[in-house]
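Here are the chains, one letter per residue:
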Amino acid sequence: MSRRRGLFITLEGPEGAGKSTQARRLAGWLRRRGRKVLLTREPGGTPIGMKLRRILLDKRSGNLDPLVELCLYEAARGELLRRVIRPALAAGKVVVLDRFQDSTWVYQGYAGAVDRKLVERLGTVVLAGCEPDLTLLLDLPVRRGLARVRRPNRFEAKPLRFHETVRRGYLFLSRRFPRRIRRIAADRSLQEVQDAIQREVERFLR
Ligand code: TYD
């Protein structure tokens, strides 16, 4: 396995927190500072990952069996890690990833139907030590986030209480891993959130 030299940053949070926009802005800011950056997202980021994404987010997939759903997310993750993320880290790049294993722990475990210990065990196998260095948790009241969603996917269409549990799950994780996970209040303007993210990343780089 290649030795790791880059920096691995993930963005997490409930629906409509603005992760994708902030991931793009963070990547742009890092590039302007002379860093080589790989920006990608989950599920997706590889041809097979994109096919799995379509299955996972399509409302016509209906009620996927929870264990099958977990395996599909981990399959997409395994592909992305092996083909894209590990090589980028080995080449010294900063990887900015929109959603990762914390999403699975929260959506399939804490708010979902799969035993959390099983989610953790499978995650340990798939990640094989490739943990994020820093996770930015974009947090905001669930109703505020859902109000920003235009065409809801299979998850966004779930009832409010599911999303409340997702938010609680993330806050629980941020207390469990306070060094890795930094909570960023996301119910502010794009610029304010971007500034807060840059401050966290700068602090981390120092
Ligand atoms: P997202 O990229 O936020 O969707 P969009 O492009 O519509 O904003 O996330 C995809 C969805 O997949 C999101 O609703 C959360 C869900 N998800 C899981 O349930 N488990 C996972 O492991 C991941 C990565 C995502």
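The rules behind these values
- Residues numbered from 1 in each chain as written.
- Predicted model: local features only at pLDDT ≥ 70, side-chain atom pairs only at ≥ 80, totals over all residues.
- Heavy atoms only, no water.
- Near = heavy atom within 4 Å.
- Polar contact = N/O pair within 3.5 Å; in protein donor to acceptor, adjacent residues only side chain to side chain.
- Areas by Shrake-Rupley, 256 points an atom, 1.4 Å probe, with all protein chains shown as cover.
- Helix = DSSP H or I, 4+ residues; strand = E, 2+ residues; numbered from the N terminus.
- Nonpolar A, V, L, I, M, F, W, Y, C, P; charged D, E, K, R; others polar.
- Buried < 20%, exposed > 50% of the residue type's maximum accessible area, 1.4 Å probe, protein only.
- Pairing = 2+ DSSP bridges.
- Axes fitted to C-alpha atoms, helices over the stretch in contact; angles between N-to-C directions.
- Contact = heavy atoms within 4.5 Å.
- Phe/Tyr/Trp six-rings, centres within 6.5 Å; stacked < 30°, edge-to-face > 60°.
- Lys NZ or Arg CZ within 6 Å of the ring centre and 35° of its normal.
- Expected span 1.5 Å × (residues − 1).
- Bend = angle between axes of the 7 residues up to and from the residue.
- Salt bridge = Lys/Arg side-chain N within 4 Å of Asp/Glu carboxyl O.

Right, let's talk about the site of the ligand for a bit. The local shell around the ligand holds 15 residues, among which Glu15, Arg53, Tyr73, Thr104 and Gln108 are the closest. Between the ligand and the protein, one listed contact pairs an oxygen atom with a side-chain N or O atom of Tyr73 at 3.0 Å. Burial of the ligand by the surrounding chains reaches 89%, relative to a free accessible area of 550 Å². If you list the elements that add at least two residues to the shell around the ligand, you get α2 (47-57), α3 (66-90) and α4 (101-110). Looking at the shell around the ligand, the element that brings in the most residues is α4, giving four residues. Grouping the constituent residues of the shell around the ligand by class yields four nonpolar, four polar and seven charged.

The next point concerns unusual backbone geometry. A cis amide bond links Glu42 with the next residue in sequence, Pro43, at an omega value of -15°. By secondary structure assignment, the location of Pro43 is in the loop between β2 (37-41) and α2. Positive phi outside glycine occurs at Arg99, with the angle close to 75°. Mapped onto the elements, Arg99 comes out in the loop between β3 (94-98) and α4. The class for Arg99 is buried, based on a relative accessible area of 14%. Backbone geometry places Ala128, a non-glycine residue, at a positive phi of 45°. A relative accessible area of 35% means that Ala128 is categorised as partly exposed.

What follows deals with the sheet that holds β3. Spatial strand order, β2-β3-β1-β4-β5: five strands in an open sheet with parallel pairing. Both edges of this open sheet fall to β2 and β5 (181-185), since each of them pairs with a single strand only. Between one strand axis and the next, the sheet turns through 20° on average, direction left out of account. Relative to β3, β2 runs parallel, the two sharing five bridges. Each bridged residue has a counterpart across the sheet, and for Val37 the counterpart in β3 is Val94. Set on the sheet, helix α7 (residues 160-176) makes contact with β1 (7-12), β4 (134-139) and β5; between it and β4 the angle comes to about 145°.

Bringing the side chain of Gln22 into the picture now. Among the structural elements, Gln22 can be located in helix α1 (residues 19-32). Sequence-distant contacts of Gln22, defined by excluding residues within four places in its chain, comprise Leu11, Leu138, Leu190, Val193, Gln194 and Ile197.

Turning our eyes to something else, we now look at the packing of aromatic side chains. Per the counting criterion, the structure on display carries seven aromatic pairs. Plain terms: the ring middles of Trp105 and Phe172 are 5.8 Å apart, the flat faces sit at 5° to each other, and that makes the pair stacked. Of this pair, Trp105 sits in helix α4 while Phe172 sits in helix α7, and the two are 67 residues apart along the sequence. Phe172 sits in the partly exposed class, given a relative accessible area of 33%. Against the face of Phe177 rests Arg180, its NZ or CZ located 5.2 Å from the ring centre.

Between its first and last C-alpha atoms α3 spans 34 Å; for 25 residues at 1.5 Å apiece the expected length is 36 Å, and the two agree. Considering bend angle alone, the principal kink of α3 is centred on Leu81 and spans about 50°. Remark: Gly92 follows α3 within two positions and exhibits a positive phi of approximately 85°.

What the rule picks out here adds up to 13 salt bridges. Among the salt bridges present, the one from Asp102 reaches Arg180, with a minimum N-O distance of 2.8 Å. Here Arg180 lies in the loop between α7 and β5 and Asp102 lies in helix α4, a separation of 78 residues in the sequence. Neither residue differs from the other here; Asp102 and Arg180 are each classed as buried. Its salt-bridge partner being Asp139, residue Arg183 comes within 2.9 Å of it at the nearest N-O pair. Of this pair, Arg183 sits in strand β5 while Asp139 sits in strand β4, placing them 44 residues apart in sequence. Linked by salt bridges that have partners in common, Glu42, Glu74 and Arg77 make up one network.

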